[in-house]
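Spelled out from the first residue to the last, the chains are:
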Amino acid sequence: MLHLRTNLAGTLHSWGSVLGLKLAQDHPELIYGYVGIGQFINTKINEKIGYDNTLKIAYENNNKSAIRALEKLSSFKNAELSNLTIKDFSVLRKWQFQFNKIAINKFHLFRIIMNALCVPEYSLLDYFYLIRGTFNLLKSKMFFDEILDVNLGDKKDYCTPIYIFAGRNDFITHPLPIYEYFKKIEAPYKECIWFEDSGHNLFFEETDKFVNCLCSVNKF
């Protein structure tokens with residue numbers, strides 16, 4: 001959700017956090033503050049760290065199937081990720097999910113779908129376009145290439161408060177590049193709040209803490 005010039009911060013998750021942080025960078029006059037959840041900073045750095053960690057876990061567990069599949073992804077072995085394909089990306093996500101206990105234990109697709117269906121602002125037609133658009137994006141090389149080029153780390157000065165909500169076990173947006181960027185931020189106020197028992201979807205995985213933290217930032 002994004003609230004422009006209200007008493008709430010602009011709050012965005014995952015891919016939405018790319019749009020949200022960009023808005024905070026380029027048009028701070030439109031928002032009172034920003035809350036990034038599962039924040040994307042630099043996709044290539046994020047995916048390189050994710051690949052290296054996943055391959056390390058595969059070797060530690062002597063998982064030959066994972067090692068064999070991951071070693072074939074040669075495009076992940078350099079920082080440029082120049083030849084990365086959607087298929088490569090899918091293989092990495094498969095093993096990241098399987099090795100992440102938080103994701104296995106707390107990712108409830110049915111619950112996510114049911115919550116989405118309960119949003120009163122959405123009509124049946126909206127859901128149709130949402131589903132169709134999602135499948136089209138997943139097949140779009142143009143969109144995939146654009147995601148790979150995301151790099152929001154060059155700008156570090158903000159005119160609004162910046163909050164980052166980060167899952168300690170997030171394998172989609174790895175905690176390390178998020179925190180390294182957060183340390184460099186200059187803002188009227190900044191805070192990084194860690195969700196120790198969460199991955200990427202911390203609002204489902206630690207709902208009570210998420211609600212309490214979100215309410216606590218609603219002060220400006």
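Refer to the structure presented above.
Presented here is a report on the structure given in the accompanying data block. (Residues numbered from 1 in each chain as written. Predicted model: local features only at pLDDT ≥ 70, side-chain atom pairs only at ≥ 80, totals over all residues. Heavy atoms only, no water.)

Looking at the packing of helix 2 (residues 43–60) against helix 4 (residues 86–99)
Packing of helix 2 against helix 4 brings their axes to within 10 Å, and their N-to-C directions diverge by 55°. Classed by the angle they form, the pair helix 2 and helix 4 counts as oblique. Here helix 2 runs over helix 4; the crossing is left-handed. Here helix 2 contributes Glu 47, Gly 50, Tyr 51, Thr 54, Ile 57 and Ala 58 to the contact with helix 4, which in turn contributes Phe 89, Leu 92, Arg 93, Trp 95, Gln 96 and Phe 99. Split into classes, the residues belonging to the contact of helix 2 with helix 4 amount to seven nonpolar, three polar and two charged. (Axes fitted to C-alpha atoms, helices over the stretch in contact; angles between N-to-C directions. Helix = DSSP H or I, 4+ residues; strand = E, 2+ residues; numbered from the N terminus. Parallel < 35°, antiparallel > 145°, perpendicular 65-115°, else oblique. Left-handed = near helix turned anticlockwise from the far one by under 90°. Contact = heavy atoms within 4.5 Å. Nonpolar A, V, L, I, M, F, W, Y, C, P; charged D, E, K, R; others polar.)

Remarks on the packing of helix 2 against helix 3 (residues 64–71)
Helix 3 packs onto helix 2 with a crossing angle of 150° between their chain directions and a minimal axis gap of 8 Å. The hand of the helix 2/helix 3 crossing is left-handed. Where helix 2 abuts helix 3, its residues Tyr 51, Thr 54, Leu 55, Ala 58 and Tyr 59 lie against Ala 66, Ile 67, Leu 70 and Glu 71. Its residues assigned to classes, the contact of helix 2 with helix 3 comprises seven nonpolar, one polar and one charged.

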